[in-house]
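# Overview (structure and organization)
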Amino acid sequence: MNKLSEEKVFRDPIHGYVRVDDSVVWQCIQTKEFQRLRRIKQLGSTSMAYHTGEHSRFAHSLGVYEIVRRMVNEVGDLKEKLTEYEKITVMLAGLLHDIGHAPFSHSFETIMHKKHEEYTVQIISQKSEIKDILDNYSPHLADDVAKVIDGSHPNGILCQMVSSQLDADRMDYLLRDSYFTGTKYGEFDLERILRTMRVADDKLAVKVSGMHTIEDYIMARYHMYWQVYFHAVSRSYDVILKNLFKRLVDLYKENPTKILDEYPMYRNLLTKEILSNEDIFDLDDSTCLYSFRLMSKGDDKILADLAMRLLTRNLFKYSNPQNSQDILSKLKEKGYDKQYYFYWDHQTQNPYTPYNGQTHSIWVLMDNGEIAELSSVSKIVSSICQNSTYQDEKIFFPKEVL
């Protein structure tokens, strides 16, 4: 193992310190691909509702790494069962899991041809500063890290640590997003979870004595989604953002040369099926915000109006879908194009999904040594599962029509 001569630390409000003593981890943090995450907000539009939610995916990615690092060093079963190479692999997967993320959270993906997870694997697997570092450490490391992230690694425990229903990613973003939005909804006892975490039957599990902490974690996730992530104000901003990019694409189809000349920052996005790693590096929040300024002064009235709404927080109003026909009639009366000024938004969330052959369940290690799926032993989680999918529908439109 190639260790640093001196441990590096990052001050962090969630974890106190994020500690790095492995050279390959430190080198990956210094790459341009990872540093790009400083320029992308973790919560995208949520700061429109919670003004202090301005933290970056850089901070979140360090937090995920730190939780994984603690898992492999503090959870006895993981410390003993995993090889040093596997520990490095899963720590890097936690660190790098978001490097392919687009600006403005998931809304931007509506005009991309691949999901951010696929671009993350692409950056790790194809020519990049990160791949050079991983290849220099081991010829198989980039491929192994990518397999942990996409869930295909033969050691399923590594995948569970980074992406499952009880993973380092979710644990960090719940605590971090709760802290920075000034809410309490996402709080749970991370220390207790780590203390009671075990490996049983080749699965991550939590001792039955820690089950109530997991129940708190499930409820934290439920409340954060409906009170923060699915906040109507945030959804309104996202709706305008999606409609703005829809308008941009429609204008590009009508007159490609004009649009590419006016908004060169979107040239590759509009002309390529798949973005290169360099293209991804050039996309960040600041690039988009600058483009909105240009659009707000452009000659297309719809694009200019939508861009100015984003810049000035002049957001759409929302109502119950049962009012859709009345709203559509008023939009038509006032000359609004419903393609860009009306949106039916449907949000769903499952706080927890029992094992169905595709998802990683949360397992509880019983006193007799056997493991049980969480909803089979927790009345609270069982009740949540019986209520199936939680969903909410709203229609969004300019408040001026009322």
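What comes next is a walk through the structure. (Residues numbered from 1 in each chain as written. Predicted model: local features only at pLDDT ≥ 70, side-chain atom pairs only at ≥ 80, totals over all residues. Heavy atoms only, no water.)

### Describing the overall build of the protein chain
Within the protein chain, the regular secondary structure consists of 22 helices and 9 strands. For the protein chain, the C-alpha atoms occupy an extent of roughly 70 × 50 × 35 Å along the three principal directions. For the protein chain, the proportion of its 402 residues judged to be buried stands at 56%. Contacts in the protein chain between residues at least 24 apart in sequence constitute 69% of all its contacts with a sequence separation of at least 6. (Helix = DSSP H or I, 4+ residues; strand = E, 2+ residues; numbered from the N terminus. Buried < 20%, exposed > 50% of the residue type's maximum accessible area, 1.4 Å probe, protein only. Contact = heavy atoms within 4.5 Å.)

### Here we look at the pattern of salt bridges
A side chain of one charge can pair with a side chain of the opposite charge when the charged atoms of the two come close. For the coordinates displayed, the defined rule picks out 28 salt bridges. Here Asp345 ties to Arg235 by a salt bridge, and the two come within 2.7 Å at their closest N and O atoms. Separated by 110 residues along the polypeptide, Asp345 in strand E6 (residues 343-349) and Arg235 in helix H13 (residues 232-254) bring together distant segments of the chain. Side by side, Asp345 and Arg235 carry an identical accessibility label, which is buried. One network of salt bridges, in which partners are shared, links Arg235, Asp345, Asp392 and Lys394. (Salt bridge = Lys/Arg side-chain N within 4 Å of Asp/Glu carboxyl O.)

### Things to note about unusual backbone geometry
A negative phi angle is the norm for most residues apart from glycine, just as the trans form is the norm for most peptide bonds. Phi at Asp202 takes a positive value of approximately 60°, unusual for a residue other than glycine. One can find Asp202 in the loop between strand E3 (197-200) and strand E4 (203-207). Of note in the backbone geometry, Arg313 takes a positive phi value of approximately 60° without being a glycine. Tracing the sequence through the fold places Arg313 in the loop between helix H18 (301-312) and strand E5 (317-319). Classification of Arg313 as partly exposed rests on a relative accessible area of 42%.

### Looking at H13
Helix length check: H13 (23 residues) gives 33 Å between terminal C-alpha atoms against 33 Å at 1.5 Å per residue, within 8%. Of all 23 residues that make up H13, 17 are buried, and the element is covered over most of its length. (Expected span 1.5 Å × (residues − 1).)

### Considerations on the packing of aromatic side chains
Enumeration according to the criterion identifies 17 aromatic pairs in this entry. Between the aromatic rings of Phe108 and Phe245, the centroid separation amounts to 5.1 Å while the plane-to-plane angle is 80°, which identifies the pairing as edge-to-face. Taken together, the residues Phe108 in the loop between helix H5 (84-96) and helix H6 (116-125) and Phe245 in helix H13 connect sequence positions 137 residues apart. You'll find Phe108 and Phe245 in the same group, each marked buried. Three or more aromatic residues joined by ring pairs make a cluster, and in this case those are Phe104, Phe108, Tyr237, Phe245, Tyr266 and Phe292. A cation sits over an aromatic face here: Lys114 above Tyr119, 4.9 Å from the ring centre. (Phe/Tyr/Trp six-rings, centres within 6.5 Å; stacked < 30°, edge-to-face > 60°. Lys NZ or Arg CZ within 6 Å of the ring centre and 35° of its normal.)

### Focus: the nonpolar core
Formed by 121 residues in total, the largest nonpolar core has its most connected members in Met161, Tyr266 and Phe292. Here the element with the most residues in this core is helix H12 (residues 211-229); it accounts for 10 residues. When sequence neighbours within four positions are dropped, the list of residues in contact with Met161 reads Val68, Met71, Val72, Leu78, Leu82, Val90, Asp167, Ala168 and Leu204. Counting residues in hydrophobic clusters, the runner-up holds 5 residues, among them Ala200, Ala205, Trp363 and Leu365. (Core = buried A, V, L, I, M, F, W, Y, C linked by side-chain atoms within 4.5 Å.)

### Some remarks on the state of the cysteines
Scanning the model with the defined rule gives 0 disulfides in all. Free of any disulfide, Cys28 has its nearest cysteine sulfur in Cys159, 18 Å distant. Since its relative accessible area comes to 0%, Cys28 is described here as buried. (Disulfide = S-S within 2.5 Å.)

### Observations concerning the side chain of Glu66
When you line up the elements, Glu66 lands in helix H3 (residues 57-74). Beyond its immediate chain neighbours, meaning those up to four positions away, Glu66 contacts His15, Tyr17, Val18 and Arg19.

### Focus on the sheet that holds E6
One open sheet accounts for 3 strands, arranged E5-E9-E6; its pairing is antiparallel. Both outer strands of the open sheet, E5 and E6, are each paired with one neighbouring strand and no more. Recorded for the sheet is a direction-independent mean angle of 35° between the axes of neighbouring strands. As paired elements, E5 and strand E9 (residues 390-397) share 3 bridges and run antiparallel to each other. Its bridge partner lying in E9, Tyr318 is registered against Phe396. (Pairing = 2+ DSSP bridges. Axes fitted to C-alpha atoms, helices over the stretch in contact; angles between N-to-C directions.)

### What to know about the packing of helix H17 (residues 285-296) against H18
One way to put it is that H17 packs onto H18 with a least axis distance of 7 Å and a crossing angle of 135°. Here H18 runs oblique to H17, going by the angle between their axes. Like other packed secondary-structure pairs, H17 and H18 cross with a definite hand, here left-handed. Where H17 abuts H18, its residues Leu289, Phe292, Arg293, Met295 and Ser296 lie against Leu303, Ala304, Ala307, Met308, Leu310 and Leu311. (Parallel < 35°, antiparallel > 145°, perpendicular 65-115°, else oblique. Left-handed = near helix turned anticlockwise from the far one by under 90°.)

### Section: the sheet that holds strand E7 (residues 363-365)
Reading across from one edge, E3-E4-E7-E8 is the order of the 4 strands in this open sheet, with mixed pairing throughout. The two strands at the open ends of the sheet, each matched to only one other strand, are E3 and strand E8 (371-373). Strand-to-strand twist of the sheet, defined as the mean angle between neighbouring strand axes without regard to direction, takes the value 45°. Relative to E4, E3 runs antiparallel, the two sharing 4 bridges. Paired with Val199 across the bridge in E4 is Leu204.

### Here we look at the pairing of strand E2 (residues 16-22)
As paired strands, strand E1 (residues 3-12) and E2 are joined by 6 bridges and run antiparallel to one another. Across the sheet, Arg11 pairs through a bridge with Tyr17, a residue of E2. The loop that links E1 with its antiparallel partner E2 comprises 3 residues.

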